[in-house]
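Observations on chain architecture
So you can see what is in the structure, the chains are spelled out below.
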Amino acid sequence: MEPVTATSTGLTAAEVAARAARGETNAFESPTSRSAWSIVRANVFTLFNGIILACFLVLLLIGRWQDALFGFSALANTIIGSVQEFRAKRALDRLALLHAPHARVVRDGAEQEVALAEVVLGDLLVLRAGDQVAADARVEASERLQLDESMLTGESDPVDKGIGDAVLSGSIVIGGGGTAIVDKVGADSFANTLSSEAKQFSLVASELRSSIDRVLGWVAWIIGPVSLLVLNAQMVSRGGWAEAIESGAWQDAAVAAIAAIVAMIPLGLVLMTSIAFAVGAVRLANRKVLVQELPAVEGLARVDLICLDKTGTLTEGDIVFDAAHPLSVAPPADWKDVLAWYGAEPEANATARCLVEPYPVRRVLEPEARIAFSSARKWSAVGFPGAGTWVLGGPEMVFAAPFGASPGVGASSEAAPDDGSHAELRRRAAALAATGRRTLVLAHSPEELTTERAEAERLPGGLTPVTLLTFRESVRSDAAETLEFFAEQGVAVRIISGDNPQTVAAIAREVGVEAAEGFDARELPTDPDELGEVLEEHLVFGRVTPSQKKDIVTALQRRGHTVAMTGDGVNDALAIKQADIGIAMDSGSAATKAVARIILLDGRFSRLPGVVAEGRQVIANIERVSMLFLTKTAYATGLAVIFGVMLLEFPFLPRQLSVTDGLTIGIPAFFLALMPNRQRYRPGFLRRSLSFAIPAGIVIALVLALYSRMALDAGISQAELRSGSTLILGIVGLWVLIVLSRPIDGLKIVIIGAMMIGLVLIYAIPLVADFLEFVDLSLTTALLVIGASVLAIAGIEVVRFVHRRTAA
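Below or above, wherever it landed, is the structure these notes cover. (Residues numbered from 1 in each chain as written. Predicted model: local features only at pLDDT ≥ 70, side-chain atom pairs only at ≥ 80, totals over all residues. Heavy atoms only, no water.)

**Quick word on the overall build of the protein chain**
The helix and strand inventory of the protein chain stands at 30 helices and 21 strands. Per-residue burial over the protein chain gives 55% buried out of 808 residues. Partitioning the intrachain contacts of the protein chain with sequence separation of at least 6 by distance along the chain shows that 74% fall at a separation of at least 24. (Helix = DSSP H or I, 4+ residues; strand = E, 2+ residues; numbered from the N terminus. Buried < 20%, exposed > 50% of the residue type's maximum accessible area, 1.4 Å probe, protein only. Contact = heavy atoms within 4.5 Å.)

**Points about empty space enclosed by the protein**
Applying the stated criterion to the full structure yields 4 cavities of 30 Å³ or more. In this structure, the largest cavity encloses a volume near 80 Å³. Around the largest cavity, the lining residues are L628, T631, K632, Y635, T660, T664, I665, I700, L729, G733 and V736. Of all elements in the fold, only α24 (608–646), α25 (654–672) and α27 (718–741) reach the threshold of two or more residues within the lining of the largest cavity. A per-element tally of the lining of the largest cavity places α24 first, with 4 residues. Size it by volume and the second largest cavity reaches roughly 60 Å³. Forming the boundary of the second largest cavity are R144, Q146, D160, G175, G176, A372, F373, S374, R377 and E457. Looking at the lining of the second largest cavity, its residues break down into 2 nonpolar, 4 polar and 4 charged. (1 Å grid on protein atoms, 1.4 Å probe; cavity = no way out; pocket = protein on both sides within 12 Å on 5 of 7 lines; lining within 4 Å. Points joined across faces, edges and corners; volume = space filled by probe spheres on them. Nonpolar A, V, L, I, M, F, W, Y, C, P; charged D, E, K, R; others polar.)

**Regarding the environment of E316**
Topologically, E316 is positioned in strand β10 (residues 315–326). Exposure remark for E316: the relative accessible area of 40% places this residue in the partly exposed category. Separated by 163 residues in sequence, E316 and A479 have C-alpha atoms that sit 9.9 Å apart. Apart from the residues within four sequence positions on either side, E316 is in contact with S474 and R476.

**With respect to the pairing of strand β14 (residues 438–445)**
With 8 of 8 residues buried, β14 lies mostly within the body of the structure. Side chains R438, L440, L442 and H444 of β14 all project onto a buried face; the interleaved residues T439, V441, A443 and S445 project onto the opposite face, where all are buried too. Here 5 bridges tie strand β13 (residues 388–393) to β14, and the two strands are oriented antiparallel to one another. Note on β14: the bridge partner recorded for V391 is A443. Taken together, the 7 bridges between β14 and strand β15 (residues 464–475) define a ladder with antiparallel strand orientation. Counterpart to L442 in the pairing with β15 is T467. (Pairing = 2+ DSSP bridges.)

**Things to note about the packing of helix α20 (residues 528–537) against helix α21 (residues 546–558)**
Between α20 and α21, whose axes approach to 9 Å, the crossing angle comes to 90°. One finds that α20 runs roughly perpendicular with respect to α21. Across the interface between the two elements, P528, D529, L531, G532 and L535 from α20 touch D551, I552, A555, L556 and R558 from α21. By residue class, the composition of the contact of α20 with α21 is 6 nonpolar, 1 polar and 3 charged. (Axes fitted to C-alpha atoms, helices over the stretch in contact; angles between N-to-C directions. Parallel < 35°, antiparallel > 145°, perpendicular 65-115°, else oblique.)

**What to know about a negative patch on the surface**
Judged by side-chain charge, D527, E530, E533 and E537 come together as a negatively charged surface patch. Here E537 lies in helix α20. (Patch = residues over 30% accessible without salt bridge, like charges linked within 9 Å, V, L, I, M, F, W, Y side chains within 5 Å. Areas by Shrake-Rupley, 256 points an atom, 1.4 Å probe, with all protein chains shown as cover. Salt bridge = Lys/Arg side-chain N within 4 Å of Asp/Glu carboxyl O. Lys, Arg positive; Asp, Glu negative; His and termini not counted. Charge placed at Lys NZ, Arg CZ, Asp CG, Glu CD.)

**Structural notes on helix α13 (residues 335–344)**
Among the 10 residues that make up α13, 8 are buried, leaving the element largely enclosed by the rest of the structure. Taken residue by residue, α13 has W335, D337, V338, L339, A340, W341, Y342 and G343 as its buried positions.

**Looking at the sheet that holds strand β21 (residues 598–600)**
Strand pairing in a sheet is mediated by backbone hydrogen bonds. Such pairs are either parallel or antiparallel. Taking strand neighbours across the sheet as the criterion, the 8 strands line up as β8-β21-β20-β19-β9-β16-β18-β17 in an open arrangement whose pairing is mixed. Of all strands in the sheet, those bounded by a partner on one side alone are β8 (289–291) and β17 (519–520). As paired strands, strand β19 (residues 563–567) and strand β20 (residues 581–585) are joined by 4 bridges and run parallel to one another. Bridge pairing links G567 to A584 in β20.

**Side note on the nonpolar core**
Of all hydrophobic cores here, the largest spans 135 residues; its most connected members are L300, F486, I598, F650 and F692. A total of 17 residues in this core trace back to one element, the largest contributor, which is α24. For L300, the contacting residues outside a window of four places in its chain are A564, I581, I583, I598, V611 and V612. Counting residues in hydrophobic clusters, the runner-up holds 22 residues, among them V563, I576, A584 and A596. (Core = buried A, V, L, I, M, F, W, Y, C linked by side-chain atoms within 4.5 Å.)

Structure below.
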């Protein structure tokens, strides 16, 4: 292997070709996150699928395939669950911490862009602000090079890099610039190693899923003892174990026990939740919103406070030069050349690049020392031979004493003390910022910017403001309407920005946020509790550093808020990662999009109300559907226990329960789970669902037990008793559907009406009635059915009345 060395001219074409031939390239084929077999195993070999399969096989072995219809539901669950995870697998396989499509390298003395896979060992990388490091490398030249390695190491503070320091692939250049020689490529690089380790399958935390999993866990614990109880009752009711086995009646006992067992399992609830999440994500994708993790649709609906970065969210994000406002009667003659240099230098940020058009380069200046711009201190400085030092930055940061702070981060005591001579600067800067314009000051000192000063990031003394520069941002046309939506929905808003507080406050007022003034983030307390109190009192914050954005989100979460954070820059990545729901613009940095749960593909802030509405629809509809399924689980468990204790024959065949489940729960639940629903989110989904389902299930179970006891006492045959039980369950099940669907209007009328017609048809069509073993009801049975149905409906109305009062 050739030594890993580089010169300012980089590798030659021949050296690149030789290293590529030896496989020393950055090409990397990522391992898959999860094998196909592991996905199939996780979805097929589950406890409930095992129970269902065992019941299914027993019915087939004894020749009762007609009662095995429930097997199709289990099969549908398995297929849909596997498909969902295969989709997640594909997404995970595409996961990569390296999102930048190209890297800049120097080859044969010229800078050029190459694909990431074409970077070779020994290449000389060119690093500038906003770049993502393509491969592990060693710094060869540094001009205040500063990296954000939080995506890789979890360390939130920016890391300064000097000559000889290592830079890791996947890290982001957030300040300065430099060059670095590649010393690790492909699978050996840190990002690819981390990417492989990170590709471990995991489900995002979701209240809906966790609550449903908890219910399934409870059912798993009780299903065994209850199954034995009901099986014993069925054998005893047929003459005892010995006689039932000898006469063959054990087969009927097994069918009845299987009906009780299968009814207890809420198979369709998991299916409906997956469908609701998937359909919600597809709907949002059609609106140009990419949901990176399906439960994020649910998560945003729970948000009660949203933090907005001004640039790129409330504003379009494009900065244009507005005007220069001279402050000095006789400014240095070359101040326009200095602005031209700031606009044309390669490491210029978006604001500085706006100076290119108004101040074209007329004379090439060669700096002897410079201090690169930092988002923490908000200024940069440059020294030219014989021309002193020039500083460009926020007025309140360069001349910070009147604002109650030092002359800037790292500024020295050599800076001229405030003696009131900058009153005009302060007045004009505040007046311009109050109009919503971004202001920078260009200041000059006759003192030279020495190398020692530059390394220590110390400003020279004798700084004099030369001119104020103003820049404009265009406010998004949809910002005011979107903020109005959040206000109506009870979602609080905090606007946090790195810009001047008064500039941010002016833009906030323009979009309808009532903020008399912005809070200067340099005065924010560091204590989380004190910070939380300030955040409750103020709406707009300016001069916020990236680490402060994260601290703001954390402090709000400590006060019980569910926080969403929007942004598009590297400086927003930490806060977006910390937030409960991170939202990034597609035009944003790779690091920001990598940690966000939701990406607005067209960058339109107005998409957020639709995302919130979709999430609320998912939660509200699944809550309604869950009450249907859990009510069934509750009454099925109650029936199994009651009939097991009373040693009575179970009053249903599995096929009869399958049909009533389809008409009263399965089919309507599919439509209800996808219907519009703007109900606001309230925590306590599982508690509310069970507080209705359990008492409603107990009412239904007791009424059916009472009916069965009275029917047996009246000498009604078992076939007629089952026909009556199924009719009662159909009527009462439809009433539960009506109760949970209120208000009944539009499509709900059609759905419920169709299910009622279906219930009539299964009794009226001879072929269907024969298959379900229905028989004509005598007058006694009909009266018992009517009485039991009325009693159950009355009980359910009482349960719902109490539930509404307690749930509210």
